[in-house]
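# Chains, contacts and geometry: an overview
Letter by letter, the chains look like this.
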Amino acid sequence: MELNYKEKLKQIFSGKNIKAYVHSFGCQLNVSDGEKIKGILKETGCSFTDKPEDAGIIIFNTCAVRESAEERVFGIIGSMKKLKAENPDLIIGVSGCMTAQEKNLERIKKSYPQVDIVLGTSAISSLPRLIYEHLESNKLEYDISEYADFSCNAEQVRESSFKASVPIMFGCNNFCTYCIVPYVRGRERSRASADIISEVTQLVNQGYKEIMLLGQNVNSYGKDLENDLTFPELLRKINEIEGDFIIRFMSSHPKDAKKELLDAILECEKVAKHLHLPVQSGSNSILKAMNRNYTVEKYLETVDYLRSRDSGFSLTTDIIVGFPNETDEEFQDTVKLIKQVEYDNIYSFIYSKRSGTKASMIEDSTPEEVKSHRLRELLEVQKEISDRHYRRFIGKTMRVLADGKSKKREGFLTGKSNEFIIAEFTGDESLIGQFVNIKVTDSMNWAVTGKII
Ligand code: SAH
Ligand code: SF4
Ligand code: F3S
């Protein structure tokens, strides 16, 4: 059915040299969906541009995780009014997590007449139909049906020729009280392991050097499937695929980071010795209010186990400051925790109220200035930790996947080490996309500097 629309569009677009601009916001799962959207557009005969003003089709693939992300998108869509006035044939679409909320659809209908298409997170394969119907009706066309086609099989038009992300599951069942994701992405659905393994094998054979397995909580991979692998088993199977490549994954929920998983990470030589383990808070009372289902003590057991087996094991985390009514003491518990764990890096956010979530119903008495102040304090503490932590690499050899030219330093290449540390080094551009060994000569609080050996 949908195939027909692809063919129809191909005929309509034929000879018109239509360029598409697809911009994804938010997490890597969304970026991966953006690559599928590009895959579908490519099949209708479109090419791509990174300039909206050159495009015949513009798609904003949105994120709803924080209010600031949503407002930014509305600002950008607003600014498209001018382009639409200059080119009435321009097709503007909005996809991604923001579309799953009725209020956003209503706001688009009411205040953004320049939008032609709204494409729900489970409706990616309906894109050709929506474009076709819009061309017929010249009205806003939308499909926000849930779970219509959760694992759209469109071939991805990948941004990189050496780093590939592979979604292994969609949705989330955890309902952390602050989080909108379960509402906009639905319940957990895993892809069959055979499909994942064959996709990874193909990517490795094509020369991809880094495979990033994606899910909102990869540790619960397979729980919804009968007779399929668990996540640790999947990791071990992917590790057996022949070739020189590195395996990463995100995100892991601490409540499900069991010994079986940690052993698989430690024992599989291709799996990066780095874990992104979002802790969110260092206070048990806040963790309880967040419905995270673990305690600080349990979390630290996981950290201790990893570091007892591999003292250099790298950890990163996400932290929310200013959860409703978080006290100074509770915040200080978070500071204490990050000092204790010594993360290589933290991603910290001020709590953002998301309507529809449980936490949004809590009356919050903490002023915004207090929250901003806490965020600054946390970043200061972490800066000092990262600085000290990165210094441990000086004089050591590091294996790095070179991934581009440094934006900060002329003549330098940049890349990520196995431990997920940014490394900058001098080298020829032809090395981009390859593994190089460097000797670390210096460090900063955001990266290390080295020389290729
Ligand atoms: N599934 C992933 C996280 C997805 S969202 C996980 O559980 O690890 C990425 C991060 O955004 C979260 O880890 C959290 O730190 C942050 N986040 C989610 N909802 C938020 C909110 N309402 N306000 C502020 N930060 C939020
Ligand atoms: Fe959100 Fe929690 Fe699910 Fe992560 S695990 S996506 S934070 S509900
Ligand atoms: Fe944002 Fe949706 Fe990802 S809300 S963080 S883009 S799953």
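All of the points below concern the structure found in this document. The model shown is predicted, which means the values in this text are computed figures rather than measured ones.

### Observations concerning the overall build of the chain
If you tally the helices and strands in the chain, you get 14 helices and 19 strands. Since a compact globule built from 453 residues should have a radius of gyration of about 22 Å, the 23 Å found for the chain is in line with a globular shape. Burial analysis of the chain (453 residues in total) assigns 55% to the buried set. The long-range share in the chain, meaning contacts at least 24 apart out of those at least 6 apart in sequence, stands at 73%.

### Details of the site of ligand 2
Close to ligand 2 lie C172, N174, F175, C176, Y178, C179, V181, P182, Q216, H253 and R292, which account for all nearby residues. When grouped by side-chain class, the residues that make up the shell around ligand 2 number seven nonpolar, three polar and one charged.

### Regarding the nonpolar core
Within the largest apolar cluster, 55 residues are counted, with the highest numbers of intra-cluster contacts made by V200, I211, L213, F231 and L235. Ignoring any residue separated from it by four or fewer positions in sequence, one finds V200 in contact with V166, I211, L213, I238, I241 and F245. In this structure, A55, C63, V73 and M98 belong to the second largest nonpolar core, which totals 24 residues.

### A short note on the sheet that holds strand β19 (residues 448-452)
Paired through their backbone hydrogen bonds, the strands of a sheet run either parallel or antiparallel. One closed barrel holds the five strands; their spatial order is β15-β16-β17-β19-β18, and the pairing between them is mixed. If you compare each strand with its neighbour and ignore which way they point, the axes differ by 50° on average. Sheet topology note: the strand β15 (residues 397-405)/strand β16 (residues 412-417) ladder contains five bridges and is antiparallel. Across the sheet, residue K405 finds its bridge partner in β16, namely L413.

### Quick look at the site of ligand 3
In the vicinity of ligand 3, the residues found are C27, N30, C63, A64, V65, C97, R185 and Q216. Considered class by class, the residues forming the shell around ligand 3 number five nonpolar, two polar and one charged.

### Observations regarding the packing of aromatic side chains
All told, the structure shown has seven aromatic pairs when counted by the stated rule. Ring geometry for F323 against Y351: centres 5.6 Å apart, planes inclined by 70°, an arrangement best described as edge-to-face. Residue F323 is located in the loop between β13 (314-321) and α13 (328-341), and its partner Y351 is located in the loop between β14 (345-350) and α14 (368-391); the two are separated by 28 residues in the primary sequence. Sitting above the plane of the F74 ring, R107 keeps its charged end 3.7 Å from the centroid. Note that R409 overlies the ring of F412, its terminal NZ or CZ placed 4.4 Å from the centroid.

### A short note on the side chain of E330
Summarising the element assignment, E330 is placed in helix α13. Here E330 occupies a buried position and makes no salt bridge, while the nearest side chain of opposite charge, R374, is found at 6.9 Å. Not counting the four nearest positions on each side in its chain, E330 is found in contact with S283, S285, I286 and N325.

### Some remarks on the packing of helix α12 (residues 296-309) against α13
At their nearest, the axes of α12 and α13 sit 11 Å apart, and the two run at 10° to each other. Taken as axis vectors, α12 and α13 run roughly parallel relative to one another. You can see that α12 and α13 cross each other, and the crossing is right-handed. Contacts between α12 and α13 involve V296, Y299, L300, V303 and R307 from the former and L337, Q340 and V341 from the latter. Residue composition of the contact of α12 with α13, grouped by class: six nonpolar, one polar and one charged.

### Quick look at the pairing of β14
When β13 meets β14, the two strands line up parallel, connected through six bridges. Bridge pairing in β14 links T317 to I346. In this view, the connection linking β13 to its parallel neighbour β14 by way of α13 has right-handed handedness.

### Thoughts on the sheet that holds β14
One open sheet accounts for three strands, arranged β12-β13-β14; its pairing is parallel. The open sheet has two free edges, formed respectively by β12 (274-276) and β14, since each of these has just one partner strand. Each adjacent strand pair in this sheet contributes to an overall mean axis angle of 10°, direction not counted.

Each value, and the rule that gives it
Residues numbered from 1 in each chain as written. Chains lettered and ligands numbered in written order. Predicted model: local features only at pLDDT ≥ 70, side-chain atom pairs only at ≥ 80, totals over all residues. Heavy atoms only, no water. Helix = DSSP H or I, 4+ residues; strand = E, 2+ residues; numbered from the N terminus. Rg over C-alpha atoms; globule rule 2.2 N^0.38 Å. Buried < 20%, exposed > 50% of the residue type's maximum accessible area, 1.4 Å probe, protein only. Contact = heavy atoms within 4.5 Å. Near = heavy atom within 4 Å. Nonpolar A, V, L, I, M, F, W, Y, C, P; charged D, E, K, R; others polar. Core = buried A, V, L, I, M, F, W, Y, C linked by side-chain atoms within 4.5 Å. Pairing = 2+ DSSP bridges. Axes fitted to C-alpha atoms, helices over the stretch in contact; angles between N-to-C directions. Phe/Tyr/Trp six-rings, centres within 6.5 Å; stacked < 30°, edge-to-face > 60°. Lys NZ or Arg CZ within 6 Å of the ring centre and 35° of its normal. Lys, Arg positive; Asp, Glu negative; His and termini not counted. Salt bridge = Lys/Arg side-chain N within 4 Å of Asp/Glu carboxyl O. Parallel < 35°, antiparallel > 145°, perpendicular 65-115°, else oblique. Left-handed = near helix turned anticlockwise from the far one by under 90°. Right-handed = clockwise from strand over helix to strand, strands pointing away.

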